[in-house]
Amino acid sequence: MTQAALLNQPRFMREEPQPAITPAQAAAIPRWIEAGPPALADIRSAAFGALRKTGLPHKGSEDFTFIRVGEFLPHLGPPAETRPEPSETPQPLAKNAARLPTLEELESQLVAEAKDAYLVLVDGVYHAGLSKFGSDFQVSTLSEGKLGAEARATLEHIAAEETDAVAALGMIFSRDPLVIQVAAKTVPAGPLLVLHFHTGSGTRSDALVVCYAGKHSQSEILVRHSTLGDSVTSAQAVATGSLENVHTVALLDEGSSLRFLEAGAFGDESLNRDLHFRKFTARLQRDSRLVAVSAHTGSRLTRNSFAVDLAGEGAEAEINGAVVLIGGRQSHNFVRLRHLVPHCVSRQLFKSVAADQSRSSVDGAIYVAKHAQQTNAYQIINNLMLSDEARADSKPQLMIHADDVKCSHGSTSGKLDPAQQFYLESRGLPPMQARALLTVAFIAEVLGKADKAGFRAVLDHALLDTLKDRLPAAAKGA
Amino acid sequence: MTTQTYMLEVKDLEATIGEPGDLTQILKGIHLSVKPGEVHAIMGPNGSGKSTLSKVIAGHPDYHVSKGEVLFNGENILELEADQRSRKGIFLGFQYPVEIPGVNNAEFLRMAYNQRRKAEGKEEADPLDFEEILDAKMKALDMDDRYKDRAINEGFSGGEKKRNEILQMAVLDPALAILDETDSGLDVDALKIVAGGINRLRGPGKAIVLITHYQRLLDYVQPDVVHVLSGGKIIKTGGKELALEVEKQGYDWLVK
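Notes on the structure follow. (Residues numbered from 1 in each chain as written. Chains lettered and ligands numbered in written order. Predicted model: local features only at pLDDT ≥ 70, side-chain atom pairs only at ≥ 80, totals over all residues.)

## With respect to the overall build of chain A
The helix and strand inventory of chain A stands at 12 helices and 19 strands. Per-residue burial over chain A gives 55% buried out of 478 residues. In chain A, once contacts between residues fewer than 6 apart in sequence are set aside, the share between residues at least 24 apart is 84%. (Helix = DSSP H or I, 4+ residues; strand = E, 2+ residues; numbered from the N terminus. Buried ≥ 20, exposed ≤ 12 C-beta atoms within 10 Å, placed from the backbone. Contact = placed C-beta atoms within 7 Å.)

In structure tokens form, the structure reads like this:
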């Protein structure tokens with residue numbers, strides 16, 4: 001089957017028609033594309049085509065099963081700067097209100113493994129002057145035209161096929177997507193850290209980051225998100241929160257290996273205000289290997305979406321998620337993983353800890369195409385409930401069209417094991433420490449995949465810190 | 001008689017398990033007095049209440065004490081939580097140690113060790129110092145380094161789990177160790193190693209309560225006092241010859 005034919009396999013399309021995009025968007029987007037760099041017009045137009053086809057999310061959208069669409073729909077309008085008349089937009093422009101991170105803020109986000117290799121984005125805009133990296137990674141923006149023709153064509157195809165309206169908006173409105181490339185046969189000495197700083201000053205910020213792993217290269221990309229304090233100037237932005245929309249596209253060429261470890265923003269009050277939409281799209285060519293780990297503590301509304309295509313024989317993808325939720329925070333993981341060719345392996349492991357009245361969901365589907373024989377795929381979803389008011393939904397799905405495959409999925413939900421707790425306490429650990437240890441142990445299997453000590457330490461500390469006041473309270477219910 | 005001469009005093013202890021309205025009484029008036037330096041063995045048929053007694057002393061939340069007292073060095077410990085009792089120097093070796101995937105064995109031991117140190121007003125051990133302590137204890141128990149990297153009891157064989165219990169006891173160095181059928185499921189070689197660990201703890205300031213179904217362990221750890229527990233009560237107390245008697249004749253002659 002040709003690559004084009006492969007890509008035209010059914011996406012997980014729903015039957016119902018979606019509402020069209022608003023007239024404001026229909027008018028603003030072509031103008032935005034025309035006014036922007038010509039080098040971005042093809043990708044943006046392709047994404048616009050996809051957006052028109054797919055429409056805006058609505059109640060009952062399959063992609064948003066466990067999410068109330070009304071909670072984020074108001075954030076999907078065109079960014080202020082695309083609107084025709086400035087008088088209609090009293091809000092300050094996002095780019096003006098945004099401030100850059102201070103040196104101190106920047107340093108607080110670095111991890112031991114990547115002290116000298118990091119890229120800084122503020123509200124999705126790449127700042128070369130704040131970034132630092134060696135020659136192992138080639139860093140540019142998409143308009144510079146340094147992404148290879150084949151990779152660029154794949155990117156355009158991905159844009160044209162996008163079924164997630166928010167991700168499509170990200171591809172249209174990202175000012176100038178960041179491109180990170182690792183040349184063929186290159187094995188960088190250490191990982192590259194991508195720092196996303198969000199100012200929360202607009203109703204939405206859009207970022208597109210393209211990672212290209214050259215043939216037989218072997219690399220690691222670490223991602224951290226954080227919110228800059230005190231940068232929210234508009235009262236409206238404070239009241240409604242800001243939607244941070246980050247779309248990462250990873251293109252893995254033949255025989256390449258990429259580890260992608262992503263940490264959400266932690267411990268910030270803005271988590272209770274802001275919405276985080278993160279999409280990770282990956283396309284794996286023959287014999288390539290991907291390990292993705294995402295760990296975060298949710299926000300007012302967090303959606304992590306993974307669209308992974310195993311498009312070359314022998315490719316392997318591992319997708320892992322760890323989530324710790326408190327208060328009224330939400331986190332929704334959404335996975336669409338497609339086995340398009342034979343002899344590929346995929347593994348998914350999602351672990352969520354839900355305290356208080358938080359809500360978590362995992363909607364994960366594995367699609368195996370008709371000719372994708374000898375597929376080996378599994379998916380596991382485990383939820384740990386620390387309170388009776390918390391809610392966790394799991395929706396594992398298998399769609400198998402081949403007949404010689406090994407596929408499995410499973411989902412569990414439960415509380416901490418009292419026998420394990422007593423065991424630890426009987427050795428002198430106070431109940432709170434015992435519960436914390438067991439909770440961390442629950443997600444340790446996922447965190448263990450993030451095997452960079454400095455990065456892992458950030459995750460351990462942040463997740464534990466999030467839970468610190470919740471564990472003794474939860475103990476009473478157990 | 002002053003309570004100070006005893007390390008552990010159990011007085012007329014009654015304990016139940018279950019929800020209110022559906023309570024089952026398991027301990028029906030236990031009396032037990034253990035002096036520092038002594039090793040007591042508690043034997044008895046299945047279901048006699050041996051494990052329950054050990055868990056009640058250790059503070060298991062599933063059991064409700066309906067009557068009686070448990071004094072440790074003269075202090076009533078029934079009001080204390082399990083972790084507080086542990087930090088005072090009481091150790092329970094479990095009959096069936098649970099597996100705790102994701103919690104590293106050595107890390108956990110260091111946390112437990114440092115909790116104990118903190119309770120005693122001593123400085124906590126840093127990872128390097130602790131490793132030295134741990135290495136010495138592991139060597140004595142013929143345990144290799146991979147125990148350190150494994151999660152608590154995860155994938156351990158029955159014998160490995162029991163050896164890990166003895167390792168924890170050796171690290172925490174408790175004043176009172178209650179070992180619940182630590183000998184069951186061990187082959188002779190493992191039994192000798194475990195018995196060696198128990199004998200090393202033995203000393204003037206220490207007391208050990210061995211709960212066992214078989215007399216075999218007592219060939220390697222000589223008890224000072226042997227009790228037979230049946231139907232939630234201690235029905236006979238004697239010297240080590242009582243254990244041999246029980247092995248020869250079973251429990252029936254005592255129960256009747």
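## As for the overall build of chain B
The number of helices and strands found in chain B is nine helices and 12 strands. The C-alpha radius of gyration of chain B comes to 18 Å, within 12% of the 18 Å expected for a compact globule of 256 residues. With the C-alpha coordinates of chain B rotated into their principal frame, the extents come out at 55 × 40 × 40 Å. Within chain B, buried positions represent 42% of all 256 residues. The long-range share in chain B, meaning contacts at least 24 apart out of those at least 6 apart in sequence, stands at 70%. (Rg over C-alpha atoms; globule rule 2.2 N^0.38 Å.)

## Points about the pairing of strand β15 (residues 345-354) of chain A
Residues and elements named next belong to chain A. Where burial is concerned, most of β15 is hidden: seven out of the 10 residues are buried. Where strand β13 (residues 316-325) meets β15, 10 bridges bridge the pair, whose relative direction is parallel. The partner of A317 across the bridge, within β15, is S346. As judged from the 10 bridges shared by β15 and strand β17 (residues 376-385), these two strands associate in the parallel manner. (Pairing = 2+ DSSP bridges.)

## Concerning the nonpolar core
Formed by 199 residues in total, the largest nonpolar core has its most connected members in A:A47, A:L121, A:V210, A:C211, A:V353 and B:I178. Residue contributions to this core peak at 10 residues, all from helix α10 (residues 431-447) of chain A. In contact with A:L121, other than residues within four places in its own chain, are A:Y126, A:H127, A:L178, A:L195, A:H196, A:F197 and A:A207. (Core = buried A, V, L, I, M, F, W, Y, C linked by C-beta atoms within 7 Å.)

## With respect to the sheet that holds strand β9 (residues 176-180) of chain B
Residue and element names in this part refer to chain B. In spatial order, the strands read β6-β9-β10-β3-β11-β12; together these six strands make up an open sheet with mixed pairing. Looking along the sheet, the strands with just one partner apiece sit at the ends: β6 (90-93) and β12 (233-238). If you compare each strand with its neighbour and ignore which way they point, the axes differ by 20 degrees on average. The pairing of strand β3 (residues 39-43) with strand β11 (residues 225-230) spans four bridges and is classified as parallel. When the bridges of β11 are listed, I42 appears paired with H227. (Axes fitted to C-alpha atoms, helices over the stretch in contact; angles between N-to-C directions.)

## So, the sheet that holds β17(A)
Residues and elements named next belong to chain A. Taken in spatial order, the 10 strands make up an open sheet running β2-β1-β5-β7-β9-β11-β13-β15-β17-β19, and their pairing is mixed. If you trace the sheet from one side to the other, it starts and ends with β2 (125-126) and β19 (406-414), each paired once. When β17 meets β19, the two strands line up parallel, connected through nine bridges. Across the sheet, N382 pairs through a bridge with T412, a residue of β19. Strands in contact with α10 are β11 (289-296), β13, β15 and β17; relative to β15, the strand with the most contacts, it is inclined by about 155 degrees.

## Structural notes on the interface of chain B and chain A
You'll often see interface size given as the accessible area lost when the parts meet. Of the residues lining the interface, 21 residues belong to chain B; the matching set on chain A comes to 16 residues. Of all the secondary structure elements, the ones that give two or more residues to the side of chain B that touches chain A are α2 (82-88), β7 (100-104), α3 (105-119) and α6 (158-172) of chain B. Classifying every residue of the side of chain B that touches chain A gives 12 nonpolar, five polar and four charged. (Nonpolar A, V, L, I, M, F, W, Y, C, P; charged D, E, K, R; others polar.)

## Quick word on helix α1 (residues 50-58) of chain B
Residues and elements named next belong to chain B. In terms of burial, α1 is a largely internal element, eight of the nine residues being buried. Those residues of α1 that fall on the buried side of the exposure criterion are K50, T52, L53, S54, K55, V56, I57 and A58. Phi turns positive, to about 95 degrees, at G59, one or two residues after α1.

## Some thoughts on the environment of A:T466
Residue and element names in this part refer to chain A. Among the structural elements, T466 can be located in helix α11 (residues 453-467). The buried category is assigned to T466, around which 22 C-beta atoms lie within 10 Å. As for T466 and G267, which are separated by 199 residues in sequence, their C-alpha atoms are 6.6 Å apart. Discounting residues that sit within four places of it in the chain, T466 has contacts with G267, T297, V324 and I326.

## So, the environment of A:R470
Assignment of secondary structure puts A:R470 in the loop between α11 and α12 (471-477). With near-sequence residues (within four places) excluded, A:R470 lies in contact with A:I326, A:A355, A:D356 and A:L386.

## Overview of the pairing of strand β10 (residues 207-212) of chain B
Residue and element names in this part refer to chain B. For β10, a buried count of six out of six residues is recorded, marking the element as mostly surrounded by other parts of the structure. Here β10 shows a buried face lined by A207, V209 and I211 and a second buried face lined by I208, L210 and T212. Pairing between β3 and β10: five bridges, direction parallel. The residue bridging A41 from the neighbouring strand is L210, located in β10. Where β9 lies against β10, five bridges are found, and the strand directions are parallel. If you follow D180 over to β10, its bridge partner there is I211. What joins β9 to β10 is helix α7 (residues 188-201), and the crossover it makes is right-handed. (Right-handed = clockwise from strand over helix to strand, strands pointing away.)

## Comments concerning the packing of α6(B) against α7(B)
Residues and elements named next belong to chain B. Axis separation between α6 and α7 bottoms out at 10 Å; the angle between their running directions is 15 degrees. Between α6 and α7, the angle falls in the class roughly parallel. Helix-helix and strand crossings are classified by hand; for α6 and α7 the assignment is left-handed. Contacts between α6 and α7 pair G159, K162, R163, I166, M169 and A170 from the former with A190, I193, V194, G197, R200 and L201 from the latter. In the contact of α6 with α7, the residues fall into seven nonpolar, two polar and three charged. (Parallel < 35°, antiparallel > 145°, perpendicular 65-115°, else oblique. Left-handed = near helix turned anticlockwise from the far one by under 90°.)

## Some thoughts on unusual backbone geometry
One non-glycine residue, A:D356, lies in positive phi territory at about 55 degrees. Accessibility expressed as a C-beta count within 10 Å gives 16 for A:D356, which makes it partly exposed. Although it is not a glycine, B:N153 adopts a positive phi angle of roughly 60 degrees. Given 22 C-beta atoms within 10 Å, B:N153 falls into the buried group.

## Some remarks on the environment of B:I235
All names here are of chain B. Within the secondary structure, I235 sits in strand β12. Overall, I235 belongs to the partly exposed group, with 15 C-beta atoms counted inside 10 Å. The spatial distance from the C-alpha of I235 to the C-alpha of V255 is 7.7 Å, given a sequence separation of 20 residues. Among residues more than four places away in sequence, those in contact with I235 are V228, S230 and L254.

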